[in-house]
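Given next are the chains, with one letter for each unit.
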Amino acid sequence: MSAAVSVEKDLSATILLDDYLHLSFLDLDVEPSFHAALLGGLLYALQNVPHSVPATVLCPAAYLGSVFVTNRSAYENNPLDPNFPIIKSIIAHLQERSATTRFKVGKFNGLHITNSSDYLSVSLDTQPDLMFTSPGILLNTGSQRLFTKMIVTLKRHSSRKSTISNLDRTRHCVNDEFDFYPSDKTIWKSLRSTDISRLTRNFLWKCMHETFHVGTFWDNVPDLRHLAYCPTCAVPETMEHIALECDAPGQKRIWSLCERIWNLRFRQWPKLHWGLILGCALPRFRSTRGTRRLRGKERFFTILVSISIHLLWKLRNERVLEGKSVTNIEVENRWLSAINSALRRDQILTNKARFGSLSKSKQMVLETWSGVLQNEDALPDDWTRSKGGLVGIWPTTRRIGVG
Ligand SMILES: [Zn+2]
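Residues numbered from 1 in each chain as written. Predicted model: local features only at pLDDT ≥ 70, side-chain atom pairs only at ≥ 80, totals over all residues.

The protein chain has the name Reverse transcriptase zinc-binding domain-containing protein in an unreviewed UniProt entry, where Favolaschia claudopus is given as its organism.

This is the structure in structure tokens:
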């Protein structure tokens, strides 16, 4: 965690925003300005402070208090504000937090930056979580003037070639496996599925657009053309290679873990192709007679594939960018931990009083996970409120079994 966030003994966090002004944000899609820098710093800090820790934001200007407290509704519903996308992201983060967040105008230390190399580049996740925000603005807060301006400023973006190609691959792979052709709209909607965690949704969205710097991206970068090749296999690197072909530790192991856990409940693990991975939130499994969709089985497939591909990407980055190597045991433990986090997320989301329309039905969660839990026979029929007994789907040793 950055030095600009201090967590005290009583488990409260103080965020000194002026300490963040030396950061430059790689994914901040707004015009650079002092306010944009404050917002970027706040978003970065919120992504580093645990949701359950109360936080006090010390800001060198009253701007943040105005945006997020006193005039929040005005800012939240003004898409013409140059910082609108990042404001929506921060509001989603604030709503996701279970502890309080206070804004205070604090002392400004001033900046001591002498040249551009003093700036530290960091990545921001600027996609708002759809579970904690609403797309667009409230209709009753708009005006004729605002809507006219919005229409005038709308730009038509031409589709990228790679995006069209990936949409087609997804469509055909889904049809090969599940016997239906999803439309573009259905595919995009599936990438917003709340069965997939927020970061993984963003990752899949970027995969569909091929925005990651892999393979041919490096062909035209002098002195860095070697980065176009997988360092392990010495072949041109693509997302498909990383996901399904690479010989580096992780790829084969992770998919074999998926198949093994799948076979505890179901017969045939679908043969994966890149298009099917992109369309992992579009499965259609039917009962033996074909009369009923098996929603629990579909969710389980979506969760398994989305978590696995995202973990593979993270392992690849650690290997290629940071030079870290992992053993197969570490891969298994990382995978198990990610799957258990999804299970806990599901359990928490069954709390209807807390999450309302965003909550998941107990029945759906039970249908998704029953059959793969450790010591499941000893658990109550409704184990969604049980604590502690559900964290081991898979042993962390080499033993195979449900526990
Ligand atoms: Zn490789």
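(A) Looking closely at the overall build of the protein chain. Of regular secondary structure, the protein chain possesses 15 helices and six strands. Looking at the protein chain as a whole, 27% of its 403 residues are labelled buried. Sequence separation of at least 24 residues holds for 68% of the intrachain contacts in the protein chain that already meet a minimum separation of 6. (Helix = DSSP H or I, 4+ residues; strand = E, 2+ residues; numbered from the N terminus. Buried ≥ 20, exposed ≤ 12 C-beta atoms within 10 Å, placed from the backbone. Contact = placed C-beta atoms within 7 Å.)

(B) Molecular detail of the packing of helix α10 (residues 251–263) against helix α12 (residues 295–322). Where α10 meets α12, the closest approach of the two axes is 10 Å, and the angle between their N-to-C directions is 165°. In terms of orientation, α10 lies roughly antiparallel with respect to α12. α12 is crossed by α10, and the crossing has right-handed handedness. Contacts from Q251, I254, W255, C258 and W262 in α10 reach L304, S308, L311 and L312 in α12. Classifying every residue of the contact of α10 with α12 gives seven nonpolar, two polar and no charged. (Axes fitted to C-alpha atoms, helices over the stretch in contact; angles between N-to-C directions. Parallel < 35°, antiparallel > 145°, perpendicular 65-115°, else oblique. Left-handed = near helix turned anticlockwise from the far one by under 90°. Nonpolar A, V, L, I, M, F, W, Y, C, P; charged D, E, K, R; others polar.)

(C) A look at the pairing of strand β4 (residues 55–59). Here β4 shows one buried face, formed by A55, V57 and C59, and one open face, formed by T56 and L58. One ladder, built from five bridges, connects β4 with strand β5 (residues 101–105); its direction is parallel. Counterpart to V57 in the pairing with β5 is F103. (Pairing = 2+ DSSP bridges.)

(D) Up close: the packing of α12 against helix α15 (residues 362–369). Remark: α12 packs on α15, axes separated minimally by 7 Å, with the N-to-C direction vectors making an angle of 65°. Relative to α15, α12 is oriented so that their crossing is right-handed. For the pair α12 and α15, contact is made by R295, G296, R299 and F300 and by M364, E367 and T368, respectively. Split into classes, the residues belonging to the contact of α12 with α15 amount to two nonpolar, two polar and three charged.

(E) Looking closely at helix α2 (residues 63–70). All of the buried residues along α2 are L64, V67 and F68. Viewed end-on, α2 has its buried residues packed into an arc of 75°, placing them on one side of the element. In α2, those exposed residues whose orientation departs by more than 90 degrees from the buried face are V69 and T70. On its buried face, α2 is in contact with α1 (34–46), β4, α3 (72–76), α4 (84–96) and β5. (Arc of directions from axis to C-beta.)

(F) Structural context of unusual backbone geometry. The phi angle at D179 is positive, at roughly 65°, despite the residue not being glycine. Structurally, D179 is set in the loop between α6 (161–178) and α7 (184–190). The phi dihedral of A234 falls on the positive side, at around 55°, and the residue is not glycine. Examined against the element boundaries, A234 turns out to sit in the loop between α8 (198–209) and α9 (239–245).

(G) Highlighting the environment of N175. Residue position: N175 is located in helix α6. Overall, N175 belongs to the partly exposed group, with 14 C-beta atoms counted inside 10 Å. Non-local contacts of N175, meaning those with residues more than four positions away in its chain, are made with F180 and Y181.

(H) Seen up close, the nonpolar core. Grouped together as the largest cluster of nonpolar side chains are 39 residues, with contacts concentrated most on A243, I277, L304 and L312. Elements with a contribution of two residues or more to this core: α6, α8, α9, α10, α11 (274–278), α12 and α13 (328–348). It is α12 that provides the largest number of residues to this core, a total of ten residues. If you look at the next biggest cluster of nonpolar residues, it comprises 18 residues, including L42, L43, V67 and I87. (Core = buried A, V, L, I, M, F, W, Y, C linked by C-beta atoms within 7 Å.)

(I) Region of the structure containing the environment of R299. Residue placement: R299 occurs in helix α12. Taking the number of C-beta atoms within 10 Å as the measure of exposure, R299 has 23 and is therefore buried. Sequence separation of R299 and M364 is 65 residues, and the distance between their C-alpha atoms is 8.7 Å. Non-local contacts of R299, meaning those with residues more than four positions away in its chain, are made with D195, M364 and T368.

(J) Spatial organisation of α4. Taking 1.5 Å of rise per residue, the 13 residues of α4 would be expected to cover 18 Å, and the 18 Å separating its terminal C-alpha atoms lies within 8% of that figure. Restricting attention to buried positions, one finds in α4 the residues I86, I87, K88, S89, I90, A92 and H93. Considering only its buried residues, α4 is in contact with α1, α2 and α3. (Expected span 1.5 Å × (residues − 1).)

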